[in-house]
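Notes for the structure review
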Amino acid sequence: MTFDELGLDTPLLQAIADLGFEKPSKIQEEAIPQLIAEDRDMVALAQTGTGKTAAFGFPLLQNIDANSKTTQGLIIAPTRELCLQITNEMKLYAKHMKGVRVVAVYGGANIQEQAREISRGAQIVVATPGRMQDMMRRRMVDITKLSYCVLDEADEMLNMGFYEDITNILADTPEDKLTWLFSATMPREVSRIAKEFMVNPLEITVGHKNEGAKNVSHEYFVVHTRDRYQALKRLSDANPAIFSVIFCRTKRDTQKVAEQLIEDGYSAGALHGDLSQNQRDLVMKSFRNRQIQMLVATDVAARGIDVDDITHVVNYQLPDEIETYTHRSGRTGRAGKTGISLVIVTKSEMRKIKQLEKILGKKFEQKQIPDGKEITQVQLFHLANKINNTEINDEIETYIPEIEEVLKDITKEELIKKVFSVEFTRFFNYYKKSKDLNQNAVGAAREESGDSTRYFINVGRKDDFDWMKLKDFLKEMTGLGQDGIYRVDCKDAFSFFNTDTQHKEKVLALFEDYQLDGRRVSVEETQGGGGRDRKRSGDRRRSGRGDRSRSGGGDRRRSSGGSKDGFRGSRSGGSGGGRDRKREDRDGRSKGRANYNDQESSNRRSDRKPTREEQRGRTPDSSSEINKSPFSGKRRRRN
Ligand code: AMP
């Protein structure tokens, strides 16, 4: 089918030609003719990147009266970024339509100015729910004569807690307006909106629910949890032309990973809800301009990012919900291009991969984290190509005689070797002592190195703990994240756990004088079998877990939500309250959505006593890769 066959008017066809769209996407093919021909509500199940903006944008533009200044179309989108993107797209579509004005209305910008824009006449308003409500309350916008209301990324808006805002807005619109709802998934709340506010809607599904974009391939890497960051760096080093979004689960991790990457000389930037709008705009601008190669983002902040040509989506940590994974991987493989979704997992998360494969109906290929030799090879090859493709700058001529003079005694072969040795030596030295990060190969060596500390704690199952509850409790107590407390082994009367050795002092200090239900809880570093016996003897337990007075307020007893998954544990990342907090906490962890049907892995269920080796809990030293990078001083630091 061609655009000519969809029933679009000439000005829109001209815009389509200008944009270089050759043929309609599937959703455009299905939605456009029907929305032009019929006055009907519509529910469309479509992923981002399917061309859905044009699927509602073209019919909306065609159907409005450009001669009237009345606001006839309202598009509601979850984030400012998406709101601006839609506005820009709509303006491009309306390029050849005289008198059409599209105005964006979103938080964090001057409301008076937005009101002025609307008062000058805006047939179409694109708004985020919060700001829209605000403007309605202040009578800065009149939507009583609306003919069309589009809800874009409805699942995400509800996920972000906008249900009430949306229903309030819809309640103020005329009964006979048409509603077009777009959603990547169809959770209960979205169906509820559809039922409540729509009449006999046309239903369109593009692709199967939860299906990832067809042209995205999925690869995963099994590493120890301690090696996530090193793995990320290697994946980046092995893909010199990477242009990626890296997803973390919390704002804190996002900031931490971005900072570490920048420190290590990568062109990275962070995008999360703790940044000001201005900071976020700057980061996005740098990303769009390719000054930032690696955008580290939370799920919420990354919603609506419409940047083409993203080569890789990196799941630094897997999200709780499968739908969130779908959203993430949808950031790449857009507009007919191919993309790769990389997942860094630990052994115990392997079952999540299996579930993703089952639900998405896609094969996830296990790959190995490349070693130094492979990376060096890739980088040298990349350099060779870069040199080959470099256009000669004529201005260099002036300097050539002097350069030739300096190099007069070396042959072409020597010159090549010397040029490439600069890079080669850097990578060779950096990676020569690097270890295999692939978890299978790490094995016993990890136990023997010294960057992890194993502790004894005198509470256990008798105190109503299991390993998940204990992990949650320790996470909250210490402020260490999901990966900060590991190898939790809950016995009857006592337990063991690990943290990185760098946290040892802090952990021990926290429990120095800690009372739980009136009883002293002690934590000590394990010292092999002797230490264990000694600790066990002092083990007089009482049930119940009451006083968390030293844990810094709030109820530390997250009930583990009845969930056995161990992934939805409360994380202490992010501070402050209010909506932002709420949103970020919901970052991929919303209620009532499909999540992995996790179970304790058998190795963690073990009731046997830990061996001496296990108690030592050593992990290999990866510090050689931590602070320095072969890119230090090479890649420009931006942001
Ligand atoms: P969307 O799903 O609306 O976010 O669109 C994703 C991207 O695809 C946007 O950059 C659009 O400009 C582009 N696009 C939309 N429709 C087409 C089409 N028919 N052919 C090529 N690109 C398109």
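For clarity, every value in this text was computed on a predicted model and none was experimentally measured.

This part takes up the packing of helix α10 (residues 228-237) against helix α11 (residues 251-263). Packing of α10 against α11 brings their axes to within 12 Å, and their N-to-C directions diverge by 50°. The orientation of α10 relative to α11 falls into the category oblique. Here the hand of the crossing between α10 and α11 comes out right-handed. For the pair α10 and α11, the contacting residues are Tyr229, Leu232 and Lys233 in the first and Val257, Gln260 and Leu261 in the second. Taken together, the residues of the contact of α10 with α11 sort by class into four nonpolar, one polar and one charged.

On to the site of the ligand, then. In the neighbourhood of the ligand, 16 residues make up the surrounding shell, with Lys23, Gln28, Gly49, Gly51 and Thr53 lying closest. Taking Thr50, its main chain carries an N or O atom lying 3.1 Å from an oxygen atom of the ligand. Within the backbone of Lys52, one N or O atom sits 3.2 Å away from an oxygen atom of the ligand. Residue composition of the shell around the ligand, grouped by class: three nonpolar, seven polar and six charged.

Here we take up the side chain of Thr250. Relative to the helices and strands, Thr250 is located in the loop between β9 (244-247) and α11. At 3.0 Å, the side chain of Thr250 and the backbone nitrogen of Asp253 are in polar contact.

Turning to the packing of helix α3 (residues 52-63) against helix α4 (residues 80-93), a few remarks are in order. Describing two packed helices takes the angle between their axes plus the distance from one axis to the other. Put simply, α3 and α4 touch, their axes get as near as 10 Å, and they point 50° apart. By the angle between their directions, the pair α3 and α4 is classed as oblique. Pair α3 / α4 crosses with right-handed handedness. Here Thr53, Ala54, Phe56, Gly57, Phe58, Leu60 and Leu61 of α3 lie close against α4, whose contacting residues are Ile86, Glu89, Met90 and Tyr93.

On the basis of which strands lie adjacent, the open sheet formed by four strands has the order β16-β17-β15-β20 and antiparallel pairing. Every interior strand has two partners, whereas the edge strands, β16 (486-490) and β20 (523-525), have only one. Strand-to-strand twist in this sheet, taken as the mean axis angle between neighbours without regard to direction, amounts to 25°. Judged from the three bridges that link them, strand β15 (residues 452-457) and β20 form a sheet pairing that is antiparallel. From the neighbouring strand, Phe456 faces β20, where its bridge partner is Glu524.

Now for the environment of Ser68. Relative to the helices and strands, Ser68 is located in the loop between α3 and β2 (73-76). Residue classification places Ser68 among the buried residues on the basis of a relative accessible area of 19%. When the C-alpha atoms of Ser68 and Gly99 are compared, they prove to be 8.8 Å apart, with 31 residues separating the residues in sequence. Side-chain polar atoms of Ser68 contact the side chain of Thr70, separated by 3.1 Å.

Read from one edge of the open sheet, seven strands run β10-β11-β9-β12-β13-β8-β14, paired in parallel fashion. Taken across any chain shown, the strands that pair with only one partner, and hence form the sheet edges, are β10 (268-271) and β14 (364-366). Strand-to-strand twist in this sheet, taken as the mean axis angle between neighbours without regard to direction, amounts to 25°. Across four bridges, β10 lies against strand β11 (residues 294-297) in parallel orientation. Paired with Ala270 across the strands is Val296, a residue of β11. Along the sheet, α11 makes contact with β9, β10 and β11, crossing β10 at roughly 165°.

Counting buried positions along β15 gives six out of six residues, so the element sits mostly inside the fold. The alternating pattern of β15 places Ser452, Arg454 and Phe456 on one face and Thr453, Tyr455 and Ile457 on the opposite face, and all of these are buried.

A cluster of acidic residues, Asp394, Glu395, Glu397 and Glu404, forms a negative patch at the surface. With respect to the element layout, Asp394 can be found in the loop between α16 (372-389) and α17 (400-406).

With that out of the way, let us pick up the pattern of salt bridges. For the structure on display, the rule yields 28 salt bridges. Ionic pairing is found between Arg249 and Asp320, a salt bridge with its closest N-O pair at 3.4 Å. Remark: Asp320 occurs in the loop between β12 (312-315) and α14 (322-329) and Arg249 occurs in the loop between β9 and α11; sequence separation between them is 71 residues. For the pair formed by Arg249 and Asp320, the shared burial category is buried. Shared partners join several salt bridges into a network, and the residues in it are Lys52, Asp152 and Glu153.

A word on α3. In a regular helix each residue adds 1.5 Å, so 12 residues correspond to 16 Å; α3 covers 17 Å between its end C-alpha atoms and thus fits that length. α3 sits mainly inside the fold: 11 of its 12 residues count as buried. For α3, the set of buried residues is Lys52, Thr53, Ala54, Ala55, Phe56, Gly57, Phe58, Pro59, Leu60, Leu61 and Gln62.

About the cut-offs
- Residues numbered from 1 in each chain as written.
- Predicted model: local features only at pLDDT ≥ 70, side-chain atom pairs only at ≥ 80, totals over all residues.
- Heavy atoms only, no water.
- Axes fitted to C-alpha atoms, helices over the stretch in contact; angles between N-to-C directions.
- Helix = DSSP H or I, 4+ residues; strand = E, 2+ residues; numbered from the N terminus.
- Parallel < 35°, antiparallel > 145°, perpendicular 65-115°, else oblique.
- Left-handed = near helix turned anticlockwise from the far one by under 90°.
- Contact = heavy atoms within 4.5 Å.
- Nonpolar A, V, L, I, M, F, W, Y, C, P; charged D, E, K, R; others polar.
- Near = heavy atom within 4 Å.
- Polar contact = N/O pair within 3.5 Å; in protein donor to acceptor, adjacent residues only side chain to side chain.
- Pairing = 2+ DSSP bridges.
- Buried < 20%, exposed > 50% of the residue type's maximum accessible area, 1.4 Å probe, protein only.
- Patch = residues over 30% accessible without salt bridge, like charges linked within 9 Å, V, L, I, M, F, W, Y side chains within 5 Å.
- Areas by Shrake-Rupley, 256 points an atom, 1.4 Å probe, with all protein chains shown as cover.
- Salt bridge = Lys/Arg side-chain N within 4 Å of Asp/Glu carboxyl O.
- Lys, Arg positive; Asp, Glu negative; His and termini not counted.
- Charge placed at Lys NZ, Arg CZ, Asp CG, Glu CD.
- Expected span 1.5 Å × (residues − 1).

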